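A structural walkthrough
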Amino acid sequence: MKVIVMGAGITGVTSAWYLAKAGHEVFVLERNAGAARETSFGNGGQISVSHAEPWANPSAPLKLLRWLGREDAPLLFRLRADPDQWKWGLQFLRECTSARSRHNMIQILNLGTYSRSSLQELRAETGIRYDHLQRGILHFYTSQKEFDAALEPARIMREMGCERQVIDRDEVVRLEPALAQIAPRLAGATYTSADESGDVHLFTTRLAELCAQRGVNFRYGVRVQALRTEAGSMTGVEIASETGGYETVTGDAYVLALGSFSPQLARQAGVPLSIYPAKGYSATLPVLDPALAPEVSLTDDEYKLVFSRLGDRLRVAGTAELNGYGLALNPVRCEALVKRTLEIFPGMSRPELAQYWAGLRPATPGNVPYIGASKVRGLYLNTGHGTLGWTHGCGSGRAVAEIIDGRQPEVDFAFTGREAMQPAPRLAAA
Ligand SMILES: Cc1cc2nc3c(=O)[nH]c(=O)nc-3n(C[C@H](O)[C@H](O)[C@H](O)COP(=O)(O)OP(=O)(O)OC[C@H]3O[C@@H](n4cnc5c(N)ncnc54)[C@H](O)[C@@H]3O)c2cc1C
């Protein structure tokens, strides 16, 4: 089959990889001059199956109210005259019940487990290198209340096969000596040894090179303008080409992997997607003293920040702002990232060396992505990965390729259009 993949972020490139492996002729359309130049550029670096608890959970509505208007809030709704934002906000509130939150957590966890093992297989097969570390993820809490609230989700995760263990202070410092400074303030911590970290930009660009070696045709510098349909089937994709002219690209199947920009195009084809951009920030610091910087990937619950060691750099990322598509860097948020990093790891780097970045997470209300068929024949979805697109990247690409091939992915996940498919075995949950 000839398959057109729209978008060359992590989800588009992994889709292309698995489709090419299955023997399809693959074309990737991307508006930037290379792969992974938007949200898959400077993220937190975590392959975190253990971060399966969605933002939409029973404690979220109260927290959001408290955080409204606070410049340093971890999750901030800046209310706008934007019907899409309000609609998304209401859907988010509906996902906050304990039943919905549990359902979503199970989807996220199953996909995460499947995806992490797909990444490990891909790594073993290709030898791809991307400053990755298999040192686990340690989640630390300075608030007793937040730690107590984390125990139940951690228990559910263990029940579902994700070994997120509760550990004490001594164990924290044994696993990551660079945390010694903050240890006396810790209320508790959890550790998931099977989780990983690595540079999503390096991975995606190197995988794009491997795809090209397998014959995938990347067209950079082309903008997807419209999806063309007729009688409920895809007939083509209209693009502004490399030279600025208009062209229609046709194939037997189409994969929509445009991150936060997916809903506008899908809507034209009559496919409603509830995706809203959640802007986040990262700072990357050169490690000046390796003994003072962590190697285990970390999550700081108080500030909702993640830290990943990427070779001789330390990446810190976090915060989420629902405020449209702007990418301007807010200096207050940028400085807060570095201040907190150097408070925990004094002397590991210097603030003036930080490189700042902002990206738009393609967030769905329940944090569960759209993967699978759509109601338009020939149009497949691989989008809406929110906070976990790196974690879910390989599994999503592999699953969408299998669905296009008419096969059932071996993971229990709420794929779109699955009514046409057989029930999946519960492999990931086993
Ligand atoms: C601060 C921050 C920290 C994060 N940390 C983590 C983490 O630690 N772990 C984790 O798992 N996830 C993390 N994420 C989430 C993760 O980065 C995203 O979920 C993921 O990058 C989304 O990938 P994507 O391929 O869907 O979108 P993108 O990477 O945005 O790719 C979409 C592509 O489509 C292209 N495109 C868009 N519109 C058009 C058009 N009209 N025509 C042609 N091309 C177009 C874009 O140029 C882009 O290349 C983080 C995100 C942020 C912002």
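These figures come from a predicted structure and were not determined experimentally.

The rules behind each value
- In this numbering scheme, every chain counts its residues from 1 along its sequence in written order.
- Only residues with pLDDT of 70 or above have their local features reported here, since the model is predicted, and side-chain atom pairs are shown and tallied only from 80 upward, although totals for entire chains, interfaces and linings are computed over all residues.
- Water and hydrogen atoms were dropped before computing side-chain values, which therefore reflect all heavy atoms in the structure.
- With axes taken as lines fitted to C-alpha atoms, and helix axes fitted only over the stretch in contact, angles between N-to-C directions fall between 0 and 180 degrees.
- We count a stretch as a helix when DSSP gives it H or I for four or more residues in a row; a strand needs E for two or more, and each element gets its number in order from the N terminus.
- By the definition adopted for this analysis, an angle is roughly parallel if under 35 degrees, roughly antiparallel if over 145, roughly perpendicular if from 65 to 115, and oblique otherwise.
- Each helix crossing is assigned a hand: it is left-handed if the near helix lies turned anticlockwise from the far helix by less than a right angle, otherwise right-handed if that turn is clockwise.
- Residue contacts are counted whenever heavy atoms from the two residues lie within 4.5 Å of one another.
- Here the term charged refers only to Asp, Glu, Lys and Arg, the term nonpolar to Ala, Val, Leu, Ile, Met, Phe, Trp, Tyr, Cys and Pro, and the term polar to all other amino acids, Gly among them.
- The cutoff for a nearby residue is simple: one of its non-hydrogen atoms must lie within 4 Å of the molecule or strand.
- Polar contacts, as used here, are pairs of N or O atoms within 3.5 Å; protein pairs need one atom able to donate a hydrogen and one able to accept it. Residues neighboring in sequence count only if both atoms are side-chain atoms.
- Here the Shrake-Rupley method, with its probe set to 1.4 Å, supplies the accessible areas, and only the displayed protein chains count as covering residues.
- Strands pair, by our definition, only if DSSP identifies at least two bridges between them.

We now examine the packing of helix α1 (residues 10-21) against helix α10 (residues 389-404). Where α1 contacts α10, the two axes come as close as 8 Å, and the packing angle between them is 40°. Relative to α10, the element α1 is oriented oblique. Crossing handedness for the pair α1 and α10: right-handed. Contacts from Ile10, Thr14, Ser15, Tyr18 and Leu19 in α1 reach Gly389, Trp390, Gly393, Cys394, Gly397, Arg398, Val400, Ala401 and Ile404 in α10. When the residues that make up the contact of α1 with α10 are grouped by side-chain class, the tally is eight nonpolar, five polar and one charged.

Every one of the 35 residues lining the ligand counts as a neighbour, but Glu30, Ser40, Val224, Gly386 and Thr391 are closest to it. Residue Thr11 places a side-chain N or O atom 2.8 Å away from an oxygen atom belonging to the ligand. With respect to the ligand, the side chain of Thr39 contributes an N or O atom lying 3.2 Å from an oxygen atom. Here the ligand, which alone exposes 1000 Å², has 97% of that area covered by the protein. For the shell around the ligand, the secondary-structure elements that each account for two or more residues are α1, β10 (223-230), β14 (276-286), β18 (355-363) and α10. Its residues assigned to classes, the shell around the ligand shows twelve nonpolar, 18 polar and five charged.

Pairing in this open sheet of six strands is mixed, and the strands run β9-β2-β1-β13-β20-β19 from one edge to the other. Every other strand in the sheet has two partners, leaving β9 (217-220) and β19 (370-373) as the edge strands with one partner each. Here the strands of the sheet are splayed against their neighbours by 20° on average, with no regard to which way each runs. Bridge count for strand β1 (residues 2-6) against strand β2 (residues 25-30) is five bridges, and the pairing is parallel.

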